Amino acid sequence: MAVSTTTAIGRIHSWDLSTGVDGPGTRFVLFVSGCPLRCLYCANPDTWHMRDGKETTVDEVMAEIEKYHGFITAAGGGVTITGGEPLLQAAFTGEILRRCKEAGLHTALDTSGFLGARASDELLSHTDLVLLDIKSFDVSTYRRLTGGELAPTLNFATRLDRLGVPMWIRYVLVPGWTDDPKPVDGLASFVAGLDSVDRVDVLPFHRLGAAKYETLGVPFPLRDTPSPAPDLVERVRQQFRMHDLRAY
């Protein structure tokens, strides 16, 4: 059966191969351009503006993915679309996900959920896994940390659960910002009520993207914030485990 093609156009920043951090197995990771949030700890400020991305067709993306098809499937992996925010270019992202499914590839969508309303049921039907970044469970902290609102992400999580779309929850642990035990426990309780959540990844904050800010001439807001100590990371993971969640 012939695989359908399309000339839909989007803007991408880059692509890479990764193992273990962007979904199961070895992944072809596509970074799309553009994001509505401005997270203070963002490691990819060079993906914020869609205008800075390279104009690319879905056919061109699929041609690149096809080069690694055998390798990533043999390694139990697939394709992950991240950013930026993939749902800022929902039509482009949806076409890539559909084409990957037609090609027999496992698909993952890495999103903040802030634009979850843009994800059609059809797009989600071609998504095997959503890596959902929940930045904070405290409304005020979420707003100060990202410039956006928390509710759309929680609504999206509830919708994914209703549709039975598997989720990995990702939580970036930033000392002084997202380490307060009460909101962490609130998030753990919320996530425990979602049957389609497979795991929670507690990701320690790092400053590896600081050089990108310097190159762009943009101040890095958390340049003086330390990475969390191992015992703090373990405490937060344990809070999730107390709610019968697999936390790493």
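Just so you know, the residues in each chain are numbered from 1, in the order the chain's sequence is written. For a predicted model such as this one, the threshold for reporting local features is a pLDDT of at least 70, and the threshold for listing and counting side-chain atom pairs is 80 or more; totals across whole chains, interfaces and linings nevertheless cover every residue. To obtain the side-chain values, all non-hydrogen atoms of the structure were used and water was disregarded.

Here we look at the overall build of the chain
Alright, step 1. Looking only at helices and strands, the chain features nine helices and eight strands.
Alright, step 2. In this scheme, a residue with accessible area under 20% of its type's maximum is buried, one over 50% is exposed, and one in between is partly exposed, where area comes from a 1.4 Å probe on protein chains only. The buried share among the 248 residues of the chain stands at 51%.
Alright, step 3. Residues count as neighbours in contact if any of their non-hydrogen atoms are within 4.5 Å of one another. Long-range contacts, defined here as pairs at least 24 residues apart, represent 73% of the contacts in the chain between residues at least 6 apart.
Alright, step 4. A total of about 11100 Å² of accessible surface is found on the chain, and carbon and sulfur atoms cover 54% of it. Comment: elements are numbered from the N terminus, with helices defined as DSSP H or I runs of at least four residues and strands as E runs of at least two. For accessible areas, the Shrake-Rupley method is used with a probe of radius 1.4 Å. Any residue's cover is judged against the shown protein chains and nothing else.

Structural notes on the layout of surface pockets
Alright, step 1. Lining residues are defined by having an atom within 4 Å of a point belonging to a cavity or pocket. Those points lie on a 1 Å grid over the protein atoms alone, cavities being sets where a 1.4 Å probe fits but cannot get out and pockets being open sets with protein on both sides within 12 Å along at least five of seven lines. Grid points are joined across faces, edges and corners, and a volume is the space filled by probe spheres set on the points. By volume, the largest pocket amounts to about 1000 Å³.
Alright, step 2. If you go around the largest pocket, you meet 40 residues; those closest to its centre are A43, N44, T82, D110 and R170.
Alright, step 3. Only β1 (9–19), β2 (26–32), β5 (106–111), β7 (167–173) and β8 (197–204) provide two or more residues apiece to the lining of the largest pocket.
Alright, step 4. A total of four residues in the lining of the largest pocket trace back to one element, the largest contributor, which is β8.

Regarding the packing of aromatic side chains
Alright, step 1. Here the aromatic set is Phe, Tyr and Trp, taking the six-membered ring for Trp, and pairing holds for ring centres within 6.5 Å; pairs whose planes are under 30 degrees apart are stacked, those over 60 apart are edge-to-face, and all others are tilted. Per the stated rule, a full pass over the model turns up seven aromatic pairs.
Alright, step 2. One aromatic cluster is present, built from ring pairs that chain together W15, F28 and Y68.
Alright, step 3. Above the plane of the ring of W168 lies R199, whose end atom (NZ or CZ) is 4.3 Å from the centre.
Alright, step 4. Only when the NZ atom of a Lys or the CZ atom of an Arg is both within 6 Å of the ring centre and within 35 degrees of the ring normal do we say a charge sits over the ring. A cation over a ring is seen here: R199 above Y248, with NZ or CZ 4.3 Å from the ring centre.

Topic: unusual backbone geometry
Alright, step 1. Backbone torsion omega between G83 and G84 reads 15 degrees, so that peptide bond is classified as cis.
Alright, step 2. As for its position among the elements, G84 is in the loop between β4 (78–82) and α3 (90–102).
Alright, step 3. In this structure, D244 is a non-glycine residue whose phi angle is positive, near 65 degrees.
Alright, step 4. Relative to the helices and strands, D244 resides in the segment after α9 (230–241).

Considering the side chain of D133
Alright, step 1. Within the secondary structure, D133 sits in strand β6 (residues 129–133).
Alright, step 2. Here the positive residues are Lys and Arg and the negative ones are Asp and Glu; neither His nor the chain ends is included. Salt bridges are defined as contacts in which a side-chain nitrogen from Lys or Arg sits within 4 Å of a carboxyl oxygen from Asp or Glu. The side chain of D133 sits in the buried core without any salt bridge; R170 is the nearest counter-charge, 4.3 Å away.
Alright, step 3. In this structure D133 touches D110, T111, S112, T153 and R170, once residues within four positions along its chain are discounted.

Considering the nonpolar core
Alright, step 1. The biggest cluster of nonpolar side chains holds 64 residues, and the ones touching the most others in it are I65, I96, M167 and F240.
Alright, step 2. Sorting elements by how many residues they give to this core places β7 first, with five residues. For the purposes of this section, nonpolar cores are sets of buried Ala, Val, Leu, Ile, Met, Phe, Trp, Tyr and Cys residues that join through side-chain atoms within 4.5 Å.

Brief notes about helix α7 (residues 181–192)
Alright, step 1. To estimate how far a helix should reach, multiply one less than its number of residues by 1.5 Å. Here α7 spans 16 Å end to end across twelve residues, near enough to the 16 Å set by a 1.5 Å rise per residue.
Alright, step 2. Residues P183, V184, L187, A188 and V191 constitute the buried set of α7. Taken around the axis of α7, the buried residues stretch over an arc of 140 degrees, which confines them to a single face.
Alright, step 3. Residues of α7 that are buried make contact with β7, β8 and α9. Here, the arc refers to the directions that run from the helix axis to the C-beta atoms.

Some details on the pairing of β4
Alright, step 1. Buried residues dominate β4, accounting for five of its five residues.
Alright, step 2. Strand pairing is assigned whenever DSSP detects at least two bridges linking the two strands. The pairing of β4 with β5 spans four bridges and is parallel. Directly across from V79, in β5, lies its bridge partner T107.
Alright, step 3. As a crossover connection, the stretch from β4 through α3 into β5 is right-handed. Handedness of a crossover is defined as follows: orient the strands so they point away from the viewer, and if the path from the first strand over the helix to the second runs clockwise, the crossover is right-handed.

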